[in-house]
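Chain by chain, the residues:
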Amino acid sequence: MEQKHPLPPFTIETALEKIQLAEDAWNSQDPEKVSKAYTINSEWRNRDTFVNGREEIIVFLQKKWEKELNYKLKKEYWAHTDNRIAVRFEYEYQTKDGNWFRAYGNENWEFDENGLMAKRYASINDLAIQEKDRKL
C-alpha cells in the first residue's frame, strides 16, 4: 500500500513536518512529485477551480507554473487534528509580462490513513506588488 509519512494521527511535530514536506514539494515546481502526496482520487478546490485526481492535479500544476514564473512559496502551521491540517500560506510569482504578485490565503487538508492528502481546499487572494516589495 502506498504511504506518505508522517501518517495520521498527527502531533504538532508531525503536522509541522508534513507542512514542510508540502512546501518543499511545491517549491520544486515538479507537478509529478507534488501529485504523489495526494490520493489517486484527491479532491481540490483551488480558488474557483475544482480538481479531481492525480492526473488533473498534474495538468493543473503544469498550467499554473507555465504562467507563474519565479514561484516561491511559504506555508505556516495554523491548526491540526487527528487527520487534518490547516495552513496559512503566501507565495510570490512573476507573470510573463514582468508583473509581480503575492498570493496569500488558507488551506485545509484532510489525509487518509496512509498519509496521502484526500482533500485540499484553498482560498487564495492575489495582490499586485512591485519587485522591490518582494518578501520571499
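You'll find the structure just up there.
Quick look at the structure, then. Predicted model, so just to flag it, every value in this text is computed and none were measured. (Residues numbered from 1 in each chain as written. Predicted model: local features only at pLDDT ≥ 70, side-chain atom pairs only at ≥ 80, totals over all residues. Heavy atoms only, no water.)

**Considering the pattern of salt bridges**
Operational definition: Salt bridges are defined by distance alone: a side-chain nitrogen of Lys or Arg within 4 Å of a carboxyl oxygen of Asp or Glu. Only DSSP runs of H or I with at least four residues qualify as helices, and only runs of E with at least two residues qualify as strands; both kinds are numbered from the N terminus onward. Residue burial is assigned from relative accessible area. The probe radius is 1.4 Å, only protein chains are included, and a residue is buried under 20% of its type maximum, exposed over 50%, and partly exposed in between.
Tallied over the full model, the rule gives 14 salt bridges. Arginine 54 serves as the salt-bridge partner of glutamate 2, at 2.8 Å between the closest nitrogen and oxygen. You can see glutamate 2 sitting in the segment before α1 (12-28) and its partner arginine 54 sitting in helix α3 (residues 54-67), a full 52 residues away along the chain. Given the relative accessible area of 35%, glutamate 2 is considered partly exposed. Between arginine 88 and glutamate 76 there is a salt bridge whose closest N-O contact spans 3.8 Å. Taken together, the residues span a long stretch of sequence, with arginine 88 in strand β4 (residues 84-94) and glutamate 76 in strand β3 (residues 69-80) at a distance of 12 residues. Three or more residues are tied together by salt bridges with common partners; here these are Glu90, Glu92, Arg102, Arg134 and Lys135.

**Comments concerning unusual backbone geometry**
Cis geometry is adopted by the peptide bond preceding proline 6, which originates at histidine 5 and carries an omega value of 0 degrees. The step from proline 8 to proline 9 runs through a cis peptide bond, and the omega angle for that step is 5 degrees. Residue position: proline 9 is located in the segment before α1. Even without a glycine there, the phi angle at asparagine 70 is positive, about 50 degrees. Residue placement: asparagine 70 occurs in strand β3.

**A few points about the side chain of glutamine 94**
Inclusion rule: Two N or O atoms form a polar contact when they lie within 3.5 Å of each other; inside protein one atom must be a possible hydrogen donor and the other a possible acceptor, and for residues adjacent in sequence the pair counts only when both atoms belong to side chains. Residue contacts follow a heavy-atom distance rule, with two residues in contact if any of their heavy atoms lie within 4.5 Å.
Along the polypeptide, glutamine 94 turns up in strand β4. Residue glutamine 94 is classed as buried on the basis of its relative accessible area of 17%. At 3.4 Å, the side chain of glutamine 94 and the backbone oxygen of glycine 98 are in polar contact. If we ignore the near neighbours within four places in the chain, the residues touching glutamine 94 are Lys67, Glu68, Leu69, Asn70, Asn99 and Trp100.

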